[in-house]
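Listed below, chain by chain, are the residues.
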Amino acid sequence: MNNSPVGQDSWPDALYDKLRSMDISLFTYVPDAGHSVMIERALADPAATTVPLATEEEGVSLLAGAHLGGTRGALLMQSSGVGNCINMLSLTNIGRFPLLSIVSMRGDYGEQNPWQFPMGQGAQPCLEAMGTICQRIETPDEVLPAAEAAVNMAYRSDQSVALLLSQRLIGAKPF
Amino acid sequence: MAASQPAARAQTSFTLDRGEAVPAVVGDPDHFLIIAGLSWSAKDVGKLTGEAPNAFLMGGAMGGAITMALGLALAQPERAVLAVFGDGECLMNAGSLSTVGCTQPANLAMLCVDNGTYGETGNQLTHTAGNADLEMIARGCGIDRTLTVHSEDQYADAATLLRKDGAPRFVLLRVSDAAPPAYARNFDAVERKTLFRRALLG
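All values reported here derive from a predicted model rather than from experimental measurement. Each residue is numbered by its place in its chain's sequence as written, counting from 1. Whichever chain is written first is A, and whichever ligand is written first is 1; the rest continue in order. Only residues with pLDDT of 70 or above have their local features reported here, since the model is predicted, and side-chain atom pairs are shown and tallied only from 80 upward, although totals for entire chains, interfaces and linings are computed over all residues. As a rule here, side-chain values come from all non-hydrogen atoms in the structure, and water together with hydrogens is ignored.

K.L.:
If you had to explain the overall build of chain A to someone new, which residues and values would you point to?
P.N.:
Secondary structure elements are taken from DSSP: a helix is a run of H or I of four residues or more, a strand is a run of E of two residues or more, and numbering for both begins at the N terminus. On a plain count of helices and strands, chain A comes out with eight helices and six strands. Overall, chain A shows an N-to-C arrangement of helices and strands of α-β-α-β-α-β-α-α-β-α-β-α-β-α. In this setup the radius of gyration rests on C-alpha atoms only. A globule is expected at 2.2 Å times the number of residues raised to 0.38. Here chain A has a C-alpha radius of gyration of 15 Å; the compact-globule value for 175 residues is 16 Å, and the two agree. The dimensions of chain A, computed from C-alpha atoms along their principal axes, are 45 × 35 × 25 Å.

Listed below in structure tokens is the structure:
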């Protein structure tokens, strides 16, 4: 597949196109600025289904149900939402359900809101403790190869995989 | 202790027998793809279906049954999907009713087996034994087709509502705190997932 380098501004569109090219059609999310392009693309895509969630853990079980029905999806969330998913990842883990999570990091490189640090720094250890494989992305060039790898690990090998989009990639929000 | 704290093992006013009520309201389980919440709801559905491949039973992940059924309903729009779960499960993730209400899946029915207690942990009271009314919460979330069942003469109406597609439906079945029929269920989620998918997807 074409994983040629993408620019600092174009990686969100390229990531969406990559996921769609690999048959990801169900996008569940709690909004975050880091996911705004992906969410807008999904909402405008007549062949995609979007489900806004009240809390991130709903997406974990929703995507397990979608897998029972033969549909591939992704869970888009901020790192703070990882904490809301922990027990629901029991379902993913014990049932060996595929799960693709795309996590926009806060409490990370250049963060200016101190409240974001506890869960931001805790996100990866929590995910790993519950059996999710984390791939951290720091630069635009890494986005497409990592996304392709993650989709294959999730949907061909029944793994729970999270792409952690660092604040070095998405930029730190000013306060 | 505050005066409003309910006694841990006070009785609810609910009287229906779940072993009779759940089969009466679900009817032929082969009509549905079924997701059952953990604990006693899983036993209800296990006993009713004999764990046929059209049923997936939770054994944990409390609060996930409604959205798991929603995901299945979105993936299989031509099939009727039924979520069966307890009041404790529903209260733990009541926000998922708002996600259903916003998504409006035409093919999703929900059956809340409400005994007002956490049965498996010793029948401690849930909030539905107090002031929480899950039918009103469902309606407030935009689920317009709802019914609370208090007596046997409502079973037929409830069964009809669960089968009436076009919009999400929510039936609150108020049962006593008596245990469900004995049933030794399969806890192997990988096996159950694989059987479910093979039967549905080929």
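K.L.:
So what's going on with the pattern of salt bridges? Which residues, and what values?
P.N.:
Any Lys or Arg side-chain nitrogen located within 4 Å of an Asp or Glu carboxyl oxygen qualifies as a salt bridge. Evaluated as defined, the whole model comprises twelve salt bridges over all chains. Between Asp 17 of chain A and Arg 41 of chain A there is a salt bridge; the shortest N-O distance is 2.6 Å. Here Arg 41 of chain A lies in helix H2 (residues 36-44) and Asp 17 of chain A lies in helix H1 (residues 11-21), a separation of 24 residues in the sequence. Whether a residue is buried, partly exposed or exposed follows from its accessible area with a 1.4 Å probe, protein chains only, as a fraction of its type maximum: under 20%, in between, or over 50%, in that order. Taking the relative accessible area as the measure of exposure, Asp 17 of chain A reaches 40% and is therefore partly exposed. The exposure class assigned to Arg 41 of chain A is partly exposed, which follows from its relative accessible area of 27%. Between Asp 114 of chain B and Arg 174 of chain B there is a salt bridge, and its shortest N-O distance comes to 3.3 Å. Residue Asp 114 of chain B is found in strand S4 (residues 108-114), and its partner Arg 174 of chain B is found in strand S8 (residues 169-174); the two are separated by 60 residues along the sequence. Across this residue pair, the class does not change: Asp 114 of chain B and Arg 174 of chain B are buried. Here the salt bridges do not stand alone but share partners, grouping Asp 108, Arg 136, Glu 138 and Arg 168 of chain A into one network.

K.L.:
A description of the nonpolar core should follow, citing residues and the corresponding values.
P.N.:
Membership of the largest hydrophobic core comes to 59 residues, with the highest contact counts inside it found for Phe 56, Met 68, Phe 85, Leu 97, Met 110 and Phe 170 of chain B. Contacts are residue-level and defined by heavy atoms, with any inter-residue pair within 4.5 Å sufficient. Aside from chain neighbours lying at most four places away, what touches Leu 97 of chain B is Ile 66, Cys 90, Met 110, Ile 137, Ala 138, Cys 141, Ile 143 and Phe 170 of chain B. With 31 residues, the next largest nonpolar core counts Ile 39, Leu 76, Val 143 and Tyr 155 of chain A among its residues. The definition of a nonpolar core used throughout is a set of buried Ala, Val, Leu, Ile, Met, Phe, Trp, Tyr and Cys residues joined through side-chain atoms within 4.5 Å.

K.L.:
Could you give an account of helix H7 (residues 155-162) of chain B, with specific residues and numbers?
P.N.:
Residue and element names in this part refer to chain B. The complete set of buried residues in H7 reads Tyr 155, Ala 158, Ala 159, Leu 161 and Leu 162. For H7, the buried positions fall inside an angular range of 160° around the axis, keeping them on one side. Exposed residues on H7 whose side chains face more than 90 degrees from its buried face are Ala 156, Asp 157 and Thr 160. Residues of H7 that are buried make contact with helix H1 (18-26), strand S3 (81-86), S4, strand S7 (145-149) and S8. Our arc is simply the arc of the directions from the helix axis toward the C-beta atoms.

K.L.:
How would you summarise the interface of chain B and chain A if you had to cite specific residues and measurements?
P.N.:
Chain B puts 28 residues into the contact, and the matching count from chain A is 27 residues. Counting across the interface, chain B meets chain A through one salt bridge. Lys 193 of chain B serves as the salt-bridge partner of Asp 158 of chain A, at 3.8 Å between the closest nitrogen and oxygen. Contacts described as polar in this section are N or O atom pairs within 3.5 Å, which, within protein, must combine one atom able to donate a hydrogen with one able to accept it, while residues neighboring in sequence count only if both atoms come from side chains. Applying the counting rule to chain B against chain A returns nine residue pairs in polar contact (both at pLDDT 80 or more).

K.L.:
Account for the environment of Leu 38 of chain B, naming residues and giving values.
P.N.:
Residues and elements named next belong to chain B. Tracing the sequence through the fold places Leu 38 in the loop between strand S1 (33-36) and helix H2 (40-49). We classify Leu 38 as buried; its relative accessible area is 19%. Put simply, Leu 38 and Met 58 are 20 residues apart on the chain and 4.6 Å apart in space, counted from C-alpha to C-alpha. When sequence neighbours within four positions are dropped, the list of residues in contact with Leu 38 reads Met 58, Gly 59, Gly 60, Met 62 and Glu 89.

K.L.:
Account for empty space enclosed by the protein, naming residues and giving values.
P.N.:
All names here are of chain A. Grid spacing is 1 Å over the protein atoms alone, the probe is 1.4 Å, and a cavity is where that probe fits but cannot get out, while a pocket is an open set with protein on both sides within 12 Å along at least five of seven lines and lining residues have an atom within 4 Å of a point. Grid points are joined across faces, edges and corners, and a volume is the space filled by probe spheres set on the points. The tally for this structure, following the rule as stated, stands at one cavity of 30 Å³ or more. By volume, the largest cavity amounts to about 30 Å³. In terms of lining, the largest cavity is formed by Val 60, Met 77, Cys 85, Leu 89, Leu 99, Ser 101, Leu 127, Thr 132 and Ser 160. Its residues placed into classes, the lining of the largest cavity shows six nonpolar, three polar and no charged. Residues are grouped as follows: Ala, Val, Leu, Ile, Met, Phe, Trp, Tyr, Cys and Pro are nonpolar; Asp, Glu, Lys and Arg are charged; all remaining types, including Gly, are polar.

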